[in-house]
Amino acid sequence: MFDDHTDVPSSSPSRFRAAAVAFTLAAVILQGALAQAQHRPTHDIVKSSRGMVVSVSGPASDAGAAVLKQGGNAVDAAIATAFALAATYPAAGNIGGGGFMVVWPGDGRPPMAFDFREKAPAAATQEMFVNPAGRSAHRRVGVPGTVSGLALAHEKLGTKPWKELVDPAVKLAANGFELDQANASQISELLKDSTGPEHAELHRVFDKPGGGDWKTGDRLQQPDLARSLERVRDRGVDGFYKGETAELIAAEMKRFDGIITTEDLANYQAKQREPVRGTYRGYDLVCMSPPCSGGITLISILNILENFEFARDERWSPRTMHLFAEAMKRAYRDRARYLGDPDFTEIPTHFYSKEHAREWAKGIDLSRATPSSTLAGDIKLAGESEHTTHFSVVDGKGMCVALTYTLESSFGSRVVAKGAGFILNDEMNDFNWMPGVTDSTGRIGTAPNLLAPGKRMLSSMCPTIVLKDGKPWLVTGSPGGRTIINTVLQVITGMIDFGLTAQEAVDAPRIHHQWFPDKIRAEAKFHQQHADVVKILEGMGHTFDRVARQGDAHSIWLNPETGDAESGIDPRISGKASIP
Ligand code: DON
């Protein structure tokens, strides 16, 4: 084990300083423990031996749980939930975007991963976004992957007829559903912010009949979306990638300056990939592999943290927060250096090994923040918004699904293909736009994630299944752009290192460091509850930013003693655990 204790200098003023620091640290730890003891979980824990779906949307969780009740497995339920989210959570639920699914089949087969990340259209070029004039909403759209990915997972693991899994979403879109507070305010804000001619169709689809802001309890009906979903229900992938829907998307692109063609759509193919595996303090991690950076970066951070011991009551100590931030910035540096679409770039394995992590850990100064610029190595240095959504599903037979998918920004490009009724992503944002330009603002210009036709852009999504003694123990993931990995990290470490329940770990305030900008971004709740810790960390050279919230990590814990699924519902937007 790497020795993580600083030597206490022997001169007496230093000893005095060390004693003062120790006293402050003890006071802070005590305060943290008290804050934690006072903290009440935001949701009652839902328990079930027959399976569970936890998502941001009540009707979508219910759609998945209904499939479980009818004897479907976790993949069937995940497909129904994903389609239902496309109708009931338009900020991120989608058929016009893409994502990743990690499955633990639970029948002795190895875990599987499905990559339905969007791709750059054939006419894309490496430098197409260098000039700000070229960054229009329509050009930011990647070729959508969601329908292909859900169909591939169904082909490999589904048991229920495809039509039965899509139909609940058709009904939700056609008949409408009641908006909750989060949906009502998100959609109202979206409409106010989207004023250009490229958003005229968005207004036609989402404006409240009769005008005004949407209110909680209002009913949103989406007849065009219902027809697009009917085509998917009745014709499978061809109902999206060929025929009317494909033509509507291509026509929308032509009407503006978009470059996606019907050929791009017909050529899209989701991929089954090997999940990436890691370990942390005896637990096994089953994570999404590239073009997702989430799994490898999560494993890298955990590998670094494994070189240090944490006491149970040390969750909010300056030492813990310092080590988290230092581990995060090192792993995010490696993310920028090595990760991209594996079909286009060779991805080495050494940088997420335990040995490499030991080297990174040795370089951590326990009393000072390491400036991010000193970690760049051979990366030459030059001078993200809410929405994606994650849900977790388990069935009663041991199958588990972690699924995160996205439109990239909140409501993606805010472009609706005329007549198709659904929002298209703006996932092209996730490529490195400026070759060679990596800077302190967070821009990355490294080679592995440069734009190329047909390439998948690097993602930070991190759908993850954690195993204990070879059995599923936690299903988790989150939205939040580059913060996703650190949100998942803090749910996992909250439970493994600090003994929190899933609900407590999901509730707890979160921090984020992504190498550049060289700052710890912390939730307002963290600043409120741990102001003294912030002060000490600032004294060690860290700087802070404040955000209202980070992530939305709907998770399920599988209690090894009872075998029951127990919910971890993220309170930050909305959410529901539904059981069959
Ligand atoms: O794939 C990614 O990493 C991003 N496009 C995800 C965006 C996101 O999570 C925004 N949400 N909150």
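These numbers come from a predicted model, not from an experiment.

Cut-offs applied
- Residues numbered from 1 in each chain as written.
- Predicted model: local features only at pLDDT ≥ 70, side-chain atom pairs only at ≥ 80, totals over all residues.
- Heavy atoms only, no water.
- Helix = DSSP H or I, 4+ residues; strand = E, 2+ residues; numbered from the N terminus.
- Rg over C-alpha atoms; globule rule 2.2 N^0.38 Å.
- Buried < 20%, exposed > 50% of the residue type's maximum accessible area, 1.4 Å probe, protein only.
- Areas by Shrake-Rupley, 256 points an atom, 1.4 Å probe, with all protein chains shown as cover.
- Lys, Arg positive; Asp, Glu negative; His and termini not counted.
- Charge placed at Lys NZ, Arg CZ, Asp CG, Glu CD.
- Pairing = 2+ DSSP bridges.
- Axes fitted to C-alpha atoms, helices over the stretch in contact; angles between N-to-C directions.
- Contact = heavy atoms within 4.5 Å.
- Core = buried A, V, L, I, M, F, W, Y, C linked by side-chain atoms within 4.5 Å.
- UniProt positions renumbered as here; feature names shortened; annotations may be inferred.
- Polar contact = N/O pair within 3.5 Å; in protein donor to acceptor, adjacent residues only side chain to side chain.

1. Let's talk about the overall build of the chain
Working step 1: Helices and strands together make up the secondary structure of the chain, namely 18 helices and 23 strands.
Working step 2: On C-alpha atoms alone, the chain measures out to a radius of gyration of 23 Å, which is about the 25 Å that the 2.2 N^0.38 rule sets for 580 residues.
Working step 3: Over its C-alpha atoms, taken along the principal directions, the chain stretches across nearly 80 × 55 × 50 Å.
Working step 4: Here the chain holds 580 residues, and the buried ones make up 63% of them.
Working step 5: Accessible surface computed for the chain: about 21000 Å², of which carbon and sulfur atoms make up 52%.
Working step 6: In the chain, the 63 positive side-chain charges and the 69 negative ones have mean positions that sit 1 Å from each other.

2. Section: the sheet that holds strand β2 (residues 51-55)
Working step 1: Taking strand neighbours across the sheet as the criterion, the seven strands line up as β7-β4-β3-β12-β11-β2-β23 in an open arrangement whose pairing is antiparallel. Each of the sheet's edge strands pairs with one partner strand only, and the pair in question is β7 (271-273) and β23 (576-578). With strand direction ignored, the average angle separating the axes of adjacent strands in the sheet is 15°.
Working step 2: In this sheet, strand β12 (residues 400-406) lies alongside strand β3 (residues 98-104) in antiparallel orientation, the contact comprising seven bridges. Its bridge partner lying in β12, G98 is registered against T406.
Working step 3: Most of the contacts of helix α2 (residues 58-69) go to β2, to which it runs at about 160°, and overall it touches β2, β11 (388-395) and β23.
Working step 4: Strands β3, β4 (112-116), β7 and β12 of the sheet are contacted by helix α4 (residues 146-157), whose axis makes an angle of about 155° with β4.

3. Brief notes about the sheet that holds strand β22 (residues 565-568)
Working step 1: One open sheet accounts for seven strands, arranged β1-β22-β21-β17-β16-β9-β8; its pairing is antiparallel. At either margin of the open sheet sits one strand with a lone partner, and together these are β1 (47-48) and β8 (276-280).
Working step 2: Against the sheet, helix α12 (residues 294-305) touches β8, β9 (283-287) and β16 (464-468), its axis set at about 20° to β8.

4. Let's talk about the nonpolar core
Working step 1: Within the largest apolar cluster, 91 residues are counted, with the highest numbers of intra-cluster contacts made by L298, I301, L305, I465 and F526.
Working step 2: Of all the elements, helix α13 (residues 318-338) adds the most residues to this core, at ten residues.
Working step 3: Not counting residues up to four positions away in its chain, the partners in contact with I465 are V102, V103, W104, D284, L285, V286, C400, A402, P472, L474 and V475.
Working step 4: Counting residues in hydrophobic clusters, the runner-up holds 85 residues, among them A60, M112, A137 and L152.

5. As for the pairing of β2
Working step 1: Burial within β2 is extensive, with five of its five residues counted as buried.
Working step 2: When β2 meets β11, the two strands line up antiparallel, connected through four bridges. Opposite M52, over in β11, you have V394 as the bridge partner.

6. Here we look at the UniProt feature "binding site: L-glutamate" (unreviewed entry) in the chain
Working step 1: Under the UniProt annotation, the feature "binding site: L-glutamate" (unreviewed entry) is placed at R117, D430, S459, S460 and G481.
Working step 2: Checked against the element boundaries, R117 lands in the loop between β4 and α4.
Working step 3: In this structure R117 touches G99, F100, Y268, P291, T406, E427, D430, R456, M457, L458, S459 and M461, once residues within four positions along its chain are discounted.
Working step 4: Only 3.1 Å separates the side chain of R117 from the side chain of E427, close enough to count as a polar contact.
Working step 5: On the secondary structure map, G481 appears in the loop between β17 (471-476) and α15 (484-496).
Working step 6: Classification of G481 by relative accessible area gives buried; the value is 14%.

7. Section: the UniProt feature "active site" (unreviewed entry) in the chain
Working step 1: Residues given the UniProt feature "active site" (unreviewed entry) here are T388.
Working step 2: Positionally, T388 belongs in strand β11.
Working step 3: Note on T388: relative accessible area 7%, which makes it buried.
Working step 4: When near neighbours in sequence (up to four residues on either side) are disregarded, T388 contacts A92, T404, Y405, T406, E408, M461, P479 and G480.

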